[in-house]
Amino acid sequence: MTSSTTDALYGVFHAGDVRVALPLDELREVIMRPPRFSSLPTAADGLLGAVNLRHLVIPVLDLCKLAGFGANEGGDDSGRVIVIVAREGQVFGLLADEIEGVARVTADALLETKVAGAGAALFSHTFERPEDGAVVSLLDAAAIAARPGIPVVREVGLRPPIGGAEGADSSRRTVLLLQCGAVGLSIDVSHVHSVIPQLTLHSSPLDGPTCRGVVHLHGRAVPAVDPLGLLGLGSLPDDGNLRGLVLATERGLVVLTVTDISDIASVPVGDVLPLPPVGMRKGGFLDGILRVEDGRQHLLLNGEALRADAELDTLAGLGLPLSGPAPAPPAVSTKENEAKTHDGRRIVPRVRKFLTYSVGMEAATPLEQITEIVPYPEHAIGLDSGGELLGVFTHRKLSVPLLSLGIMLGLADPIDPGTARVLLVDAPGGDLVGFVVPALHAIEDSVWEEAAPAQAGEPGTMLQRGPLVKIGTEEQGRLLPYVDLNELVAAELVA
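In this text the structure is predicted, and so the values were computed from the model without any measurement.

S.K.: Where do I start with the overall build of the protein in this structure?
M.R.: For the protein, the count of helices and strands is eight helices and 37 strands. When each of the 495 residues of the protein is scored for burial, the buried share is 48%. Put simply, 62% of the contacts in the protein that link residues at least 6 apart link residues at least 24 apart. Carbon together with sulfur atoms contributes 53% to the accessible area of the protein, which is approximately 23200 Å² in total.

S.K.: Which parts of the structure should I look at to understand the sheet that holds strand β32 (residues 398-404)?
M.R.: Within a sheet, adjacent strands bond to each other through the backbone by hydrogen bonds, running parallel or antiparallel. Strand order in the open sheet made by the six strands is β29-β33-β34-β32-β31-β30, with mixed pairing throughout. One side of each edge strand has no neighbouring strand; the edge strands of this open sheet are β29 (372-375) and β30 (381-382). Of the pairings in the sheet, the one linking strand β31 (residues 389-395) to β32 comprises six bridges and is antiparallel in character. What sits directly across from H395, in β32, is L398.

S.K.: Please explain the nonpolar core as it appears in this structure.
M.R.: For soluble globular proteins, nonpolar side chains are generally found buried alongside one another. Within the largest apolar cluster, 62 residues are counted, with the highest numbers of intra-cluster contacts made by L176, L245, Y357, L405, L423, F435 and L485. The leading source of residues in this core is strand β19 (residues 253-258), at five residues. Discounting chain neighbours no more than four positions away, the residues touching L423 are L355, Y357, I370, E372, I373, V433, G434, F435, V437, L440 and L485. Counting residues in hydrophobic clusters, the runner-up holds 23 residues, among them F13, L66, L94 and A96.

S.K.: Mind showing me how you'd approach the pairing of strand β33 (residues 421-427) here?
M.R.: Along any regular strand, the residues point their side chains to alternate faces of the sheet. Burial analysis of β33 places seven of its seven residues in the buried class, the great majority of the element. Residues R421, L423, V425 and A427 point to one face of β33 and V422, L424 and D426 to the other, with burial holding for every one of them. Bridge count for β29 against β33 is four bridges, and the pairing is antiparallel. Counted as the bridge partner of I373 is L423 from β33. The turn linking β33 back onto strand β34 (residues 431-437) is made up of three residues, and G429 within it adopts a positive phi angle of 80 degrees.

S.K.: Can you walk me through the environment of E474 in this structure?
M.R.: One can find E474 in the loop between β36 (468-471) and β37 (478-481). Sequence spacing of E474 and S446 is 28 residues, and the spatial spacing of their C-alpha atoms is 9.3 Å. Setting aside residues up to four positions removed in sequence, E474 forms contacts with V447 and W448.

S.K.: Looking at this structure, I do not really get helix α5 (residues 310-317). What am I missing?
M.R.: The α-helix winds at 3.6 residues per turn, so residues separated by three or four positions along the chain end up facing the same way. Those residues of α5 lying buried are L312, D313, L315 and A316. Angularly, the buried residues of α5 cover 160 degrees about the axis, an arc narrow enough to put them on a single face. Packing partners of the buried residues in α5 comprise β16 (211-217), β17 (220-225), α3 (227-231), β19 and α4 (303-308). Residue D309 occupies the N-cap position of α5, its side-chain oxygen lying 3.2 Å from the main-chain nitrogen of E311.

S.K.: Got a minute to help me understand the pattern of salt bridges in this structure?
M.R.: Evaluated as defined, the whole model comprises seven salt bridges. Taking the shortest distance from any N to any O, the salt bridge between R243 and D260 comes out at 3.5 Å. In this pair, R243 is assigned in strand β18 (residues 243-248) and D260 in strand β20 (residues 260-268), connecting sequence segments 17 residues apart. Of the residues examined, D260 reaches a relative accessible area of 30% and is grouped as partly exposed. When salt bridges that share partners are traced, they join R352, E368 and E449 into one network.

Thresholds applied
Residues numbered from 1 in each chain as written. Predicted model: local features only at pLDDT ≥ 70, side-chain atom pairs only at ≥ 80, totals over all residues. Heavy atoms only, no water. Helix = DSSP H or I, 4+ residues; strand = E, 2+ residues; numbered from the N terminus. Buried < 20%, exposed > 50% of the residue type's maximum accessible area, 1.4 Å probe, protein only. Contact = heavy atoms within 4.5 Å. Areas by Shrake-Rupley, 256 points an atom, 1.4 Å probe, with all protein chains shown as cover. Pairing = 2+ DSSP bridges. Core = buried A, V, L, I, M, F, W, Y, C linked by side-chain atoms within 4.5 Å. Arc of directions from axis to C-beta. Polar contact = N/O pair within 3.5 Å; in protein donor to acceptor, adjacent residues only side chain to side chain. Salt bridge = Lys/Arg side-chain N within 4 Å of Asp/Glu carboxyl O.

This is the structure in structure tokens:
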């Protein structure tokens, strides 16, 4: 383990009640669990079988069984995703319930852990996740691969590490595309706290060259900043139709005012070009210029520099409660703080990012389920199937089906290709599935979620019988249907 005191990034996921992490350079990718595993002519504790990922046969292990807990809660069918692990050229997969995101941890915060006994421990360190205090165990991939009877394969043709290997043009980054008048901006999704779909600016004593007012958000008056003024590129007039991009600094929140938040795009690192040597004020807030597939060009904001800027951090710290003390943040999901509604459905307090959109009514999907968002493809091959399949198109050298999410959910909302968006979701084997929605709304935080029912129904009943999620705040939030796109992908593969 490194002795550096600098931050390191770890991908966190859980299997049953076990919350674990891997260094991002060992976590190659995450794929959906297939309906069944292929058998291998060997037996070992925790070995479930194999999956075929782009012609590479990868053995898959049940982490709970490896740890001696027996079957994952609910049996072998409970794991929904497979985490592909690669270390020193060896590859295997771990069955998991859910990916929980990325944790930034200093070496000093890692606590070395030793387990008595003859066998090697599955984890080497533990750490406390900063945002919620959860205990996370850092897996030792080498120890897992060395367990008796565990098959591993040689790493060939996998995607680069999540987060991108330094200098690797084939690695990708996921960005939010913004518009400030005639100027296109973009920022890595990882730096976005939330999105405000309709912004109302209020005057305040903070108004000045940088701050153009405050926004009422989560019970506080949060300063709003014109990004064009911050970059020395003029100013963005308030035409009454502004949107807000919320950033979290060390001392609070600050809102960047924009005219549109158009898409989420997954782009190769090599598509970011350096700024011209003359004529542009840099100031550390810009990483370069990004050209996306449809030809649009965007200045790429440096999210870390913005969040660490002393002036923005000072402004964020000046945000005041609108009345009384600031509300406490919602609790993170644990079995102890689950509550039950009158009809027996479990409510789980949980804060994570959701994409809200229209399918004839407003619905929400966890942002981590969506690989990319693209406009409706101009040159798609239209198919008059009389059902949910609208057509096919090619994207990143893959053939992608276009499925009407509204029709799948029992709502035949008409699709206007000029305003519709396609939500791309990973499918087993490295494929993609495209779900077409008439319009996007925003990226917002949840307050709580209903636990999913024990047995999922037909996709057409998901809006009526499926779980709900509360979006926004406890006081002013709204209840939306929780649409699990991973579940829909799995259902389409079985059908």
